[in-house]
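Structural overview for review
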Amino acid sequence: MEQLTPFRKAFESLGFAPGAIFDDYVFSDVLAIDPRDRTVHLAAFTQTPPSYRNAAMAVIDVGSSDLNAVADYRALGAPLIFSIAGDEVTAWQMRSAAPPRMIVRAALSELAALFDQNRDNWTPLAIHRAKSIGHVAPEYQLDFVDAGLMPAIEGQVHGKLDRAIESVLNDAVTAAGLAPGDRSHRALFQATFRLLAAKILSDRGHEISRHWNPDDIASVLDVISAYYRLPSLAEGPPGLMVGFEQAWRRLRDGLSFRNISADDLAFVYEQTLVTPETRKHFGTHSTPRQVAEHVVANLQLWKHDVEDLRIYEPFTGAGVLLVAALRHVRDLLPVHWSDKAKHQFLVQRLAGDEIDAFAVEVATLSLILADYPNANGWKIGQADLFADDYLAARSKISNVIICNPPFESFTADERIRYPEAFRRSAAKPIAVLNAVLDAKPLAIGFVLPEPFLRGKQYAAQRRRIEQMYAEVELVSLPDRTFNASVIRSSLLIARAPRDPAAEPARTSIRCAVVSERERDAFLSTGQLSVVREQTRPLAGTGDLWIEELADVWSYLQSADTLGEIAAVHRGIEWRSAQAAAVRNHAQPGFVPGIHASGAMRMFATTGAPVWLDARPERLMYKAINLPWSEPKILANAARVSRGPWALAAAIDRTGIVASQQLFGIWRKPGAPSLQALAAILNSPLGAAFISTHSPPDRIRVSAVRAVPMPHIFPVGLDDLVDRYCKAAQSPSDLFTSDSAADLQSLLDEIDGLVMRAFDLPPKLEWAVLAYFHGAQRPTIQPWQSWPAGTLALVPTRFSKAHLSAARAGGSWISDTFRPLPKEEAILLREALDDVEAR
């Protein structure tokens, strides 16, 4: 096309390298329901090799106003698309969840002027930074780069690559006559790598692809092995080669890899291979891609001179953290460097060690895939990192350390075998973290057990980190974040080593929680929905975690606490298993009781009564001597939910005894009634405090004792609680619509009185209620959450009719709160600014 010449000149005038501008660029539309190849007349990339990650601009010739036709090119990954229609050109912003947005329209004759006007924002460096680090570095964001577009493409790419790799493995397994899902043969993984490498080299037209016969599987495997200097395939069962031939035909004719990022291929290769079964068989481990991406992105490597970086991953596993680091460091290299120069730079600055031979092989192959089109040069060491203080020595020659260490403790044999490592700690993650901190690196990124966030066993390490680094980020991850592990974990990112001369010393802290309901979204996009940030003077306490709703707890810090007006104790414990201490019928030495936290509901208990072993010789401690026969509150000590509604409290006047899974709470002389105390514990504010101050699996007794109390307990609260408890004791009517509505209404009134008693500012009250959005409350009746946007509960601020209308989808908020006229709003804002200025 004649019109392409001025575009090419315009691209080059911005700094795009001639080798990064492609005519008639073909890519697979992975966002289409039925993926197909599409072609743009001209495409410019910020770096090579080209992919959706570094696509910057493209030219098409569809009609200038045909939004649907322009939208067909989203999967290219370019934030800017120029469409030509006659003598006009239109620049479009490509968006992930909305139609393209027209940025500007101009005559083709004015193209040079248009590019000159936008020179600062349209350069390859500006666009590359916005796409690669804009989501973690706001200073590099550009308004025309949609931060959601890359994750949208990435999600589709990974899903399709995963299915492609699964089909390769399944074809081979079937042809070899193996059991479905049997991946215990090393040749499977070795051949899968070779076929993926051949596919990407072929789709991108690499010259090496002309050296094999595409119809001869042995030729393909031999050429790839020679190109990457790989050893021969391991021995496999008969028929495996036939399966590889079938898989190659399917892969060769399937989805084009031309526009797919090589590190995507590496990530999916590793994630697909390291299943719970292969982890068990080969002993390797894996880190989810978005976890690795989050850790490496937030190390903020771009703030350092890239020449100085030496990145090391001990306990490399399958190499996901290193693959993420490879991409981020490569993005920092000069755009004019050749692929070979980048490769030579990277292999000298990224390293890893792992004891497991299979993991070393997978990590090496993953790095090769991510480093397309370069031949092998990666060396992942096979080493026992705990032996001879090897980890400490290796860490001292690196300055950025990323690590997902083993979580278990040293066994008795290992304590003898690894005296230096054991000297640092009996727990392997602490021993590893101590060794790394001794090396004083520029930055660290760790996956650690969840107790690191607040647990006493990690207090010394948190203090060291606070003393060493001025910027710290912590992330709490939910269950099942890791494919092959059910242990809850956390992320630690520490950067910006302190300048001893800097005064005053301050610490910037960033904390986030990925909830259970947000887990899948985080693993798909890596985005954190809620982040809490503080900058505060260096305290040296190691208290780095910012509690959820921290502003609320700060506002209530002068309030009395439950522990001041009530005694809180755990129930009885036994010397043997609890199951052996419970009977369904009366028996000598046993007393009526409640043993399971799951029996608790708010203001009620469920399940049949049981008898607990109270014989002194079977008991630990002296909890049996507590005044169980007196009126008290019972509450669960094991969380009834990992969500925000973690605790349920009920009044007991029958004298039953509780097991260690529950708390007993007795009011002190002069304290408010049990009804009032139970209402506080079951309220949104009480539940939120306990949930945010307890670990994911249990409730701390210290958290229950520290629950804030209002200065004045509201009149009428006892009566409402009594009415609710009485209504909840009628199980036959409990789930009728009228009865459930009555209980809902009573609970709304109880919650409303409690919230009013605390008299929180509206912003803080809204934050408390928003904390429970979408969560199930442990009530005896079906419970319907408050409407989104409700700032307070009935009947204290709004009427029952308002809340009922809101639950039914009414517009009571807009009907009740009319906006100020514009002129009055301006005057009010100016007056408030004057007050603040004084």
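The structure this text deals with has already been given above.
Okay, so let's go over this structure. Remember, predicted model here, so these are calculated numbers, not experimental data.

**So, the sheet that holds strand 11 (residues 443–449)**
Taking strand neighbours across the sheet as the criterion, the nine strands line up as 9-8-7-10-11-13-12-14-15 in an open arrangement whose pairing is mixed. For this open sheet the edge positions go to strand 9 (380–382) and strand 15 (531–537), each flanked by a neighbour on one side alone. Across this sheet, the average inter-strand angle for adjacent strands is 15°, counted without regard to direction. Here seven bridges tie strand 14 (residues 506–513) to strand 15, and the two strands are oriented antiparallel to one another. The partner of arginine 506 across the bridge, within strand 15, is proline 537. Packing of helix 20 (residues 459–468) onto the sheet brings it into contact with strand 12 (469–476), strand 13 (489–497) and strand 14, and relative to strand 12 it is tilted by some 135°.

**A few points about the packing of helix 6 (residues 149–175) against helix 7 (residues 186–203)**
If you want to describe how two helices pack, look at the angle between their axes and the distance between the axes. Two elements in contact, helix 6 and helix 7, have axes separated by 10 Å at closest approach and are oriented at 130°. As the angle between them shows, helix 6 and helix 7 are arranged oblique. In terms of crossing hand, the pair formed by helix 6 and helix 7 is right-handed. Residues Ile165, Val168, Leu169, Ala172 and Val173 of helix 6 pack against Leu188, Thr192, Leu195 and Leu196 of helix 7. For the contact of helix 6 with helix 7, the per-class residue count stands at eight nonpolar, one polar and no charged.

**Observations regarding the pairing of strand 2 (residues 37–45)**
The buried fraction of strand 2 amounts to seven of the nine residues, a majority that puts the element mostly inside the structure. Relative to strand 2, strand 1 (residues 21–28) runs antiparallel, the two sharing seven bridges. For tyrosine 25, the partnering residue across the bridge sits in strand 2 and is valine 40. Where strand 2 and strand 3 (residues 55–60) come together, four bridges link them in antiparallel fashion. Each bridged residue has a counterpart across the sheet, and for phenylalanine 45 the counterpart in strand 3 is alanine 55.

**Notes on the environment of arginine 183**
Note that arginine 183 resides in the loop between helix 6 and helix 7. Residues arginine 183 and valine 173, 10 residues apart in the sequence, show an inter-C-alpha distance of 7.7 Å.

**What to know about empty space enclosed by the protein**
Applying the stated criterion to the full structure yields six cavities of 30 Å³ or more. When its volume is computed, the largest cavity comes out at roughly 190 Å³. What lines the largest cavity is a set of 19 residues, and nearest its centre among them are Ser51, Arg53, Asn54, Ser261 and Arg330. If you list the elements that add at least two residues to the lining of the largest cavity, you get helix 5 (124–133), helix 10 (262–273) and helix 13 (320–330). Classifying every residue of the lining of the largest cavity gives four nonpolar, seven polar and eight charged.

**Details of the layout of surface pockets**
In this structure, the largest pocket occupies an estimated 1,200 Å³ of space. Lining the largest pocket are 45 residues, and of these Val513, Val530, Arg532, Glu548 and Tyr771 sit closest to its centre. Every element with two or more residues in the lining of the largest pocket is listed here: strand 15, helix 22 (550–555), helix 25 (684–692) and helix 29 (762–770). Broken down by element, the residue count for the lining of the largest pocket peaks at five residues, all from helix 29. Partitioning the lining of the largest pocket into residue classes produces 20 nonpolar, 11 polar and 14 charged. Lining the second largest pocket are 43 residues, and of these Gly134, His135, Val136, Ala297 and Gln527 sit closest to its centre. Counting residues per element, the ones that place at least two in the lining of the second largest pocket are helix 5, helix 6, helix 12 (289–297), strand 12, strand 14 and strand 15. The leading source of residues in the lining of the second largest pocket is helix 12, at five residues.

**Examining the environment of leucine 369**
Tracing the sequence through the fold places leucine 369 in helix 15 (residues 357–370). The spacing of leucine 369 and serine 96 is 273 residues in sequence and 27 Å in space, taken between C-alpha atoms. Beyond its immediate sequence surroundings of up to four residues, leucine 369 is in contact with Phe193, Leu196, Ala197, Ala262, Leu265, Ala266 and Tyr269.

**Regarding the side chain of arginine 498**
Turning to its location among the elements, arginine 498 is positioned in the loop between strand 13 and strand 14. Among buried Asp, Glu, Lys and Arg side chains, arginine 498 stands out as unpaired, with glutamate 466 the closest opposite charge at 5.6 Å.

**A short note on unusual backbone geometry**
A cis amide bond, omega 0°, links threonine 48 with the succeeding residue proline 49. By the element assignment, proline 49 lies in the loop between strand 2 and strand 3. With omega at 5°, the peptide bond leading from tyrosine 372 into proline 373 counts as cis. Mapping proline 373 onto the fold places it in the loop between helix 15 and strand 9. Unusually for a residue other than glycine, tyrosine 621 sits at a positive phi of about 60°. Topologically, tyrosine 621 is positioned in the loop between strand 23 (619–620) and strand 24 (632–636). Overall, the relative accessible area of 59% leaves tyrosine 621 in the exposed class.

**Considering the environment of isoleucine 465**
Looking at the element boundaries, isoleucine 465 is found in helix 20. When its relative accessible area of 0% is taken as the criterion, isoleucine 465 is described as buried. Residues isoleucine 465 and leucine 196, 269 residues apart in the sequence, show an inter-C-alpha distance of 42 Å. For isoleucine 465, the contacting residues outside a window of four places in its chain are Leu433, Leu437, Phe452, Val472, Leu492, Ala494 and Leu544.

**A word on the packing of aromatic side chains**
This structure, assessed with the given rule, holds 26 aromatic pairs. Positioned over the ring face of phenylalanine 345 is arginine 349, at 3.8 Å from the centre of the ring.

**Section: the sheet that holds strand 27 (residues 662–667)**
Remark on secondary structure: sheet strands pair via backbone hydrogen bonds, oriented parallel or antiparallel. The four strands lie next to each other as 16-27-24-25, forming an open sheet whose pairing is antiparallel. Unpaired on one side and paired on the other, strand 16 (566–570) and strand 25 (649–652) mark the two borders of the sheet. Each adjacent strand pair in this sheet contributes to an overall mean axis angle of 25°, direction not counted. Sheet topology note: the strand 24/strand 27 ladder contains four bridges and is antiparallel. When the sheet's bridge partners are listed, asparagine 636 is paired in strand 27 with leucine 662.

Parameters and conventions
As a convention, each chain's residues are numbered from 1 in the sequence order in which they are written. Local features in this predicted model are restricted to residues of pLDDT 70 or higher, and side-chain atom pairs are both shown and tallied only at a pLDDT of 80 or more, whereas totals for entire chains, interfaces and linings draw on every residue. With hydrogens and water stripped out, all remaining heavy atoms of the structure feed into the side-chain values. Pairing between strands is defined by DSSP: at least two bridges between the two strands are required. In this text, helices come from DSSP runs of H or I with a minimum length of four residues, and strands from runs of E with a minimum of two, each type numbered from the N-terminal end. To obtain each axis, a line is fitted to C-alpha atoms, and for helices this fit is confined to the stretch in contact; angles are then taken between N-to-C directions over 0 to 180 degrees. Only heavy atoms enter the contact rule, under which two residues are in contact if any of them lie within 4.5 Å. In these notes the angle categories are as follows: under 35 degrees is roughly parallel, over 145 is roughly antiparallel, 65 to 115 is roughly perpendicular, and the rest is oblique. Helix crossings get a hand from a simple test, with the near helix turned counterclockwise from the far one by less than a right angle marking a left-handed crossing and a clockwise turn marking a right-handed one. Residues are grouped as follows: Ala, Val, Leu, Ile, Met, Phe, Trp, Tyr, Cys and Pro are nonpolar; Asp, Glu, Lys and Arg are charged; all remaining types, including Gly, are polar. Under the scheme applied here, a residue whose accessible area is under 20% of the maximum for its type counts as buried, over 50% as exposed, and between as partly exposed, the area being computed with a 1.4 Å probe on protein chains only. Every definition here rests on a 1 Å grid over the protein atoms only: cavities are sets of points where a 1.4 Å probe fits but cannot get out, pockets are open sets enclosed by protein on both sides within 12 Å along at least five of seven lines, and lining residues have some atom within 4 Å of a point. Grid points are joined across faces, edges and corners, and a volume is the space filled by probe spheres set on the points. Counted as positive: Lys and Arg. Counted as negative: Asp and Glu. His and the chain ends are not counted at all. Definition used for salt bridges: Asp or Glu carboxyl oxygen within 4 Å of a side-chain nitrogen of Lys or Arg. Centre distance within 6.5 Å is the pairing criterion for rings of Phe, Tyr and Trp, where only the six-membered ring of Trp is used; planes under 30 degrees apart are then read as stacked, over 60 as edge-to-face, and the remainder as tilted. Placement of a positive charge over a ring is assigned whenever Lys NZ or Arg CZ falls within 6 Å of the ring centre and within 35 degrees of the normal to the ring plane.

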